[in-house]
Amino acid sequence: EVPTALPVQLPGLGMEVLNRLRRFDAYPKTLEDFRVKTCGGAMVTVISSLIMLLLFFSELQYYLTKEVHPELYVDTSRGEKLKINIDTIFPHMPCAYLSIDAMDVAGEQQLDVEHNLFKKRLDLGGNIISSEVEKHELGKQDEVFNTTKLDPGRCESCYGAESEDMKCCNTCADVREAYRRKGWAFKNADSIEQCMREGFTQKLQEQKNEGCQVYGFLEVNKVAGNFHFAPGKSFQQSHVHVHDLQTFGLDNINMTHYIRHLSFGSDYPGIVNPLDGSNITAQQASMMFQYFVKIVPTIYVKLDGEMVRTNQFSVTRHEKVANGLIGDQGLPGVFVLYELSPMMVKFTEKHRSFTHFLTGVCAIIGGVFTVASLIDSLIYYSARAIQRKIELGKAS
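Residues numbered from 1 in each chain as written. Predicted model: local features only at pLDDT ≥ 70, side-chain atom pairs only at ≥ 80, totals over all residues. Heavy atoms only, no water.

Thoughts on the overall build of the protein
When you go through the protein residue by residue, the secondary structure sums to six helices and 15 strands. Counting every position in the protein, which comprises 396 residues, the buried fraction comes to 36%. Considering only contacts within the protein whose residues lie at least 6 apart along the sequence, 73% involve residues at least 24 apart. (Helix = DSSP H or I, 4+ residues; strand = E, 2+ residues; numbered from the N terminus. Buried < 20%, exposed > 50% of the residue type's maximum accessible area, 1.4 Å probe, protein only. Contact = heavy atoms within 4.5 Å.)

As for the nonpolar core
Nonpolar side chains tend to gather and get buried jointly when the protein is soluble and globular. Grouped together as the largest cluster of nonpolar side chains are 35 residues, with contacts concentrated most on Ile-84, Phe-227, Phe-229, Phe-264, Tyr-291 and Tyr-338. In terms of residue count, the dominant contributor to this core is strand β12 (residues 287-301) (five residues). Core analysis: the next-biggest nonpolar cluster, separate from the first, contains 10 residues, Ala-161, Cys-172, Ala-178 and Cys-195 among them. (Core = buried A, V, L, I, M, F, W, Y, C linked by side-chain atoms within 4.5 Å.)

A word on helix α2 (residues 39-64)
Because an α-helix completes one turn every 3.6 residues, residues spaced three or four positions apart along the sequence face the same direction. The end-to-end C-alpha distance of α2, which contains 26 residues, comes to 38 Å, matching closely the 38 Å that a straight helix rising 1.5 Å per residue would cover. Every buried residue belonging to α2 is among Gly-41, Val-44, Ser-48 and Met-52, and all of these are buried. (Expected span 1.5 Å × (residues − 1).)

Quick look at the state of the cysteines
Throughout the structure, instances matching the rule amount to three disulfides. The side chain of Cys-155 participates in a disulfide bridge whose partner is Cys-168; the two sulfur atoms lie 1.7 Å from each other. Here the disulfide of Cys-155 and Cys-168 is left-handed, its torsion about the S-S bond being about -90°. With Cys-155 in the loop between β5 (134-136) and α3 (172-182) and Cys-168 in the loop between β5 and α3, this residue pair connects regions lying 13 residues apart in the sequence. Given a relative accessible area of 49%, Cys-155 falls into the partly exposed group. Across the disulfide, Cys-158 is cross-linked to Cys-169 (sulfur-sulfur distance 1.8 Å). Looking along the S-S bond of the Cys-158-Cys-169 disulfide, the torsion reads about 95°, which is the right-handed sense. Taken as a pair, Cys-158 in the loop between β5 and α3 and Cys-169 in the loop between β5 and α3 lie far apart in primary sequence, 11 residues in all. (Disulfide = S-S within 2.5 Å.)

Section: unusual backbone geometry
With phi around 60°, Ser-286 is a residue other than glycine that occupies positive phi space. Mapped onto the elements, Ser-286 comes out in the loop between β11 (278-280) and β12.

A look at the environment of Thr-38
For Thr-38, the location among the structural elements is in the loop between α1 (2-22) and α2. In sequence terms Thr-38 and Ile-379 are 341 residues apart; their C-alpha atoms lie 9.9 Å from each other. Setting aside chain neighbours within four positions, we find Thr-38 in contact with Asp-376 and Tyr-380.

Here's the deal with a nonpolar patch on the surface
On the surface, Met-15, Leu-18, Leu-21 and Phe-24 cluster together into a nonpolar patch covering about 460 Å² of accessible area. Tracing the sequence through the fold places Leu-18 in helix α1. (Patch = residues over 30% accessible without salt bridge, like charges linked within 9 Å, V, L, I, M, F, W, Y side chains within 5 Å. Areas by Shrake-Rupley, 256 points an atom, 1.4 Å probe, with all protein chains shown as cover. Salt bridge = Lys/Arg side-chain N within 4 Å of Asp/Glu carboxyl O.)

Details of the pattern of salt bridges
Using the criterion set out here, one finds 11 salt bridges in the structure. Of the charged contacts, one joins Lys-66 and Glu-349 as a salt bridge, the two residues approaching to 3.3 Å between their closest N and O atoms. Of this pair, Lys-66 sits in strand β1 (residues 66-74) while Glu-349 sits in strand β15 (residues 343-351), placing them 283 residues apart in sequence. Take Lys-66: its relative accessible area is 43%, and that puts it in the partly exposed class. In this structure, Lys-222 and Asp-75 form a salt bridge, with 3.7 Å as the shortest nitrogen-oxygen distance. You can see Lys-222 sitting in the loop between β6 (211-221) and β7 (225-231) and its partner Asp-75 sitting in the loop between β1 and β2 (81-90), a full 147 residues away along the chain. Residues participating in the shared-partner salt-bridge network are Asp-75, Glu-80, Lys-222 and Arg-309.

Points about the environment of Met-344
Note that Met-344 resides in strand β15. Take Met-344: its relative accessible area is 4%, and that puts it in the buried class. Between the C-alpha atoms of Met-344 and Glu-71, which are 273 residues apart in sequence, the distance is 8.4 Å. Look past the residues within four positions of Met-344 in its chain and what remains in contact with it is Glu-71, Leu-72, Tyr-73, Asp-75, Ser-77, Pro-297, Thr-298, Ile-299 and Arg-309.

A look at the environment of Ser-163
Mapped onto the elements of the fold, Ser-163 is located in the loop between β5 and α3. By relative accessible area, which is 22% here, Ser-163 ends up partly exposed. With 18 residues separating them along the chain, Ser-163 and Arg-181 place their C-alpha atoms 8.6 Å apart.

Quick look at the side chain of Asn-226
Relative to the elements of secondary structure, Asn-226 occurs in strand β7. A distance of 3.1 Å separates a polar atom in the side chain of Asn-226 from a polar atom in the side chain of His-228. Beyond its immediate sequence surroundings of up to four residues, Asn-226 is in contact with Asp-101, Ala-102, Met-103, Phe-335, Val-336, Leu-337 and Tyr-338. (Polar contact = N/O pair within 3.5 Å; in protein donor to acceptor, adjacent residues only side chain to side chain.)

Some points on the pairing of strand β3 (residues 98-104)
Residues in a regular strand point their side chains to alternate faces of the sheet. Judged by how many residues are buried, β3 sits mostly within the fold: six of seven residues are covered. Here seven bridges tie β3 to β7, and the two strands are oriented antiparallel to one another. Across the sheet, the residue bridging to Ser-99 is Ala-230, located in β7. (Pairing = 2+ DSSP bridges.)

Here's the deal with the packing of aromatic side chains
Across all of its chains, the model carries 15 aromatic pairs by this definition. Here the basic side chain of Arg-352 rests over the ring of Tyr-62, its NZ or CZ set 4.0 Å away from the ring centre. (Phe/Tyr/Trp six-rings, centres within 6.5 Å; stacked < 30°, edge-to-face > 60°. Lys NZ or Arg CZ within 6 Å of the ring centre and 35° of its normal.)

Examining the side chain of Ser-263
Among the secondary structure elements, Ser-263 is positioned in strand β10 (residues 257-263). Take Ser-263: its relative accessible area is 1%, and that puts it in the buried class. At 2.9 Å, the side chain of Ser-263 forms a polar contact with the side chain of His-261. Sequence-distant contacts of Ser-263, that is, excluding residues within four places in its chain, are made with Lys-83, Ile-84, Asn-85, Asn-273 and Phe-313.

What follows is the structure in structure tokens.
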């Protein structure tokens, strides 16, 4: 008897459980015959579907983008180099006049500086005069004469400026150096045989109404310092860095410049170099432009794990008239003085959370559906109320 009773009792027990479960249904259904479909409801449905589709693709696009997470901590790196990328145009400063130097915070010329700087001659319209590119050596001016054709054992005159450590002046640069050590003015290069032979005056006259583009990079020690563009050859005098400006005349120095690009390291997505595209016009002759730069070491970690070590920077510009003498007056030129921040910023690319994406999609569908239901109900019952009033008006 027990085995025959079990099949009879199981369906009844199952139906009772299902009936109790139906009480928890929060979405009761109405019969198809009692449903009313309206044109207003159809319009609300189409519009709400389009809105949901638009918001869904917006959420999907946001999910597929990368999230960049910033961190800030103390920079403990040591022994690294600082790469300085330069691309600057001087429309009124000939390449033969222009000298580039890199100094450390103590005012001494930086040693072991790896550089790859080039000069291009430009006309007054900014067009390239010659396709030939000159590689520039730090602190030096370009030579135009090949001295290998002369006797290497020769000892030429310094024109009265000989000294114990400099008895021979075989080049125009040697004569100018000897004059500087004596404190003499070097004004008439045409009377110096070495300068006439090397075409020193001729070169200055040829490039008198030209401009110059300087581009390339420097790799300096990661310490505070400066690099600058200034006319004349540079040298150290009593531990002070000075430039020889006697050849040019202070009234002819126009330091108008256009900074096409200046950065301190490699680029990464979203980096902003504040000096890019800066066009600065010198209002007077012999202007000194100073850019005070604060460098923030930065690490950017990409999704594939590639790490980019670079730098961001902020800058403040100051300008004044300089007369080229030693002292507070300064030196005509463009000076970039940089300091390094002790803090480092790290940016890490990450994928956005998939659960947040699902939450956003559910919020879009549920929110639009709920608002659409309220609007549809409002339209339906408002239309019915208006229709009843019209019918009552006709009956009266």
